[in-house]
Amino acid sequence: MALLGVNIDHIATLREARKGIEPEPVYAASIAEQNGADQITIHLREDRRHIQDRDLKLLRETIQTKLNLEMASTNEMVKIASEIKPDTVTLVPEKREELTTEGGLNLSEDLREVISSLKKAGIEVSVFIEPDTEMIQTAKELGVDAVEIHTGRYANLKKESEILAEVEKINKAAILIKKLGMRVVAGHGLNYHNTQKLVDLNIIEEFNIGHSIISRAVFSGLAEAVLTMKLIVE
Ligand code: PXP
């Protein structure tokens, strides 16, 4: 059975729209955990556009499952992660102007030191990469523990033949990751329509999903929220 990591960045995005105190990511994490999330995933971006340093600290103290911190491989982030010690760090590429993480990380020797210092701090290291054989082999050589396959391309495809080809590519990547002794993770752009096909491969051990869950939560909660305010107004 695969594990579900719930990405709660968008709760913080909503809070930052007003720079206020609600909605509170700690509360979101707690609800996610009470309803089956196996992990809470957050991305501390260099520009702090959603998750803030205080969120990371509070979540580290309050999360009862696992904390997966997505971050760029910068000195600042390595220092923060080594102090806070999330259970897992997922290294992701980061561009200031992007709306969300676009494309996988381009792995190179430059990352060896970052990976080894995170591992020395007792943190599991995962890398977010495209389903690419060469990249997976490099991940193994660099000593990472888990590989998160970027499913963004899969999620954006419309033609059934292209979707099936991409699923096959993801399956092959997952088989190689597992054969090399790393944990198989997948994420990005997964929703209530496209996740099942990847679950059915029966090889992906963990899914990290955010946008579609938070989007659905808005509508599953909207009626109750309006009714409650209507009672006050009346
Ligand atoms: N995994 C990684 C590495 C990500 O960067 C993201 C987006 O922050 C996700 C999973 C979740 O993607 P989505 O919000 O599209 O479900």
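Before reading further, recall that the structure is shown in the block above.
Residues numbered from 1 in each chain as written. Predicted model: local features only at pLDDT ≥ 70, side-chain atom pairs only at ≥ 80, totals over all residues. Heavy atoms only, no water.

1. Some thoughts on the pattern of salt bridges
Under the convention used in this document: Any carboxyl oxygen of Asp or Glu within 4 Å of a side-chain nitrogen of Lys or Arg constitutes a salt bridge here. Only protein chains enter the area calculation, which uses a 1.4 Å probe; residues under 20% of their type maximum are buried, those over 50% are exposed, and those in between are partly exposed. Per the convention used, a helix needs a DSSP run of H or I reaching at least four residues, while a strand needs a run of E reaching at least two, with both numbered from the N terminus.
Counting across every chain of the model gives 17 salt bridges. Notably, a salt bridge pairs Arg-15 with Glu-16, separated by 2.9 Å at the nearest N-O pair. Each member of the pair, Arg-15 as well as Glu-16, is classed as buried. Two residues, Glu-24 and Arg-54, come together in a salt bridge whose shortest N-O distance is 3.1 Å. On the criterion of sequence distance, the pair formed by Glu-24 in the loop between helix H1 (9–18) and helix H2 (25–34) and Arg-54 in helix H3 (residues 53–62) is long-range, its members being 30 residues apart. Note on Glu-24: relative accessible area 24%, which makes it partly exposed. Classification of Arg-54 as partly exposed rests on a relative accessible area of 38%.

2. Quick notes on the nonpolar core
Under the convention used in this document: Residues grouped as a nonpolar core are buried Ala, Val, Leu, Ile, Met, Phe, Trp, Tyr and Cys residues, joined through side-chain atoms within 4.5 Å. Note on contacts: a residue pair qualifies if any of its non-hydrogen atoms lie within 4.5 Å across the two residues.
Within the largest apolar cluster, 62 residues are counted, with the highest numbers of intra-cluster contacts made by Ile-8, Met-71, Leu-91, Leu-107, Leu-118 and Val-127. In terms of residue count, the dominant contributor to this core is helix H8 (residues 160–179) (7 residues). The residues touching Leu-107, leaving out its near neighbours within four places in the chain, are Val-127, Ile-129, Met-135, Thr-138, Ala-139 and Leu-142.

3. Structural notes on the site of the ligand
This is how it is decided: A cutoff of 4 Å decides nearness: a residue is near a molecule or strand if any of its heavy atoms lies inside that distance of it. Any pair of nitrogen or oxygen atoms within 3.5 Å is treated as a polar contact; in protein, a donor-acceptor pairing is required on top of that, and neighbouring residues in sequence qualify only through side-chain atoms on both sides. For every accessible area listed, the method is Shrake-Rupley and the probe measures 1.4 Å; residues are considered covered only by the protein chains on display. Throughout this entry, Asp, Glu, Lys and Arg are counted as charged residues, while Ala, Val, Leu, Ile, Met, Phe, Trp, Tyr, Cys and Pro are counted as nonpolar. The remaining residues, Gly among them, count as polar.
Taken together, 13 residues lie near the ligand, and Glu-70, Glu-148, Gly-189, Gly-210 and His-211 sit nearest. At a separation of 3.3 Å, an oxygen atom of the ligand approaches a polar side-chain atom of Asn-7. Within the backbone of Gly-189, one N or O atom sits 2.8 Å away from an oxygen atom of the ligand. Notes on the ligand: free accessible area 400 Å², of which the protein chains cover 94%. Broken down by class, the residue content of the shell around the ligand amounts to 3 nonpolar, 7 polar and 3 charged.

4. Describing the packing of H2 against H3
Put simply, the test is: Between N-to-C directions, angles cover 0 to 180 degrees, with each direction set by a line fitted to C-alpha atoms, over the stretch in contact for helices. Note: crossing handedness is left-handed where the near helix turns anticlockwise from the far helix by less than a right angle, and right-handed where it turns clockwise.
Remark: H2 packs on H3, axes separated minimally by 9 Å, with the N-to-C direction vectors making an angle of 35 degrees. Seen along the crossing, H2 lies across H3 with a hand that is right-handed. Along its contact with H2, which presents Pro-25, Val-26, Ala-29 and Glu-33, the element H3 presents Asp-55, Leu-58, Leu-59 and Thr-62. In the contact of H2 with H3, the residues fall into 5 nonpolar, 1 polar and 2 charged.

5. Some words on the packing of aromatic side chains
Aromatic ring pairs are reported here in terms of the distance separating the ring centres and the angle at which the planes meet. Which entries qualify depends on this criterion: Note on ring pairs: Phe, Tyr and Trp rings are taken, using the six-membered ring of Trp, and paired if centres are within 6.5 Å. Classes follow the plane angle, with under 30 degrees stacked, over 60 edge-to-face and the rest tilted. Counting as a charge over the ring demands two things of the Lys NZ or Arg CZ atom: a distance within 6 Å of the ring centre and an angle within 35 degrees of the ring normal.
A full pass over the atoms with the stated rule returns 0 aromatic pairs. Over the ring of Tyr-192 we find Arg-216, and its NZ or CZ is 4.2 Å from the ring centre.

6. A few points about the sheet that holds strand S1 (residues 3–7)
Rule in force here: Two strands qualify as a pair provided that DSSP identifies no fewer than 2 bridges between them.
The 8 strands are arranged S1-S2-S3-S4-S5-S6-S7-S8 in a closed barrel whose pairing can be described as parallel. Here the strands of the sheet are splayed against their neighbours by 25 degrees on average, with no regard to which way each runs. Pairing of strand S4 (residues 88–91) with strand S5 (residues 124–129), which is carried by 4 bridges, proceeds in the parallel orientation. Note on S5: the bridge partner recorded for Leu-91 is Val-127.

7. As for the pairing of strand S3 (residues 67–71)
Keep this limit in mind: Seen with its strands pointing away from the viewer, a crossover is right-handed if its path from the first strand over the helix to the second goes clockwise.
Burial analysis of S3 places 5 of its 5 residues in the buried class, the great majority of the element. The alternating pattern of S3 places Leu-67, Leu-69 and Met-71 and Asn-68 and Glu-70 on opposite faces, both of which are buried. Bridge count for strand S2 (residues 39–43) against S3 is 4 bridges, and the pairing is parallel. Within S3, the residue paired with Ile-40 across the bridge is Leu-67. Once you follow S2 into H3 and on to S3, the crossover reads as right-handed. Across 4 bridges, the pairing between S3 and S4 is parallel. Paired with Asn-68 across the two strands is Thr-88, which belongs to S4.

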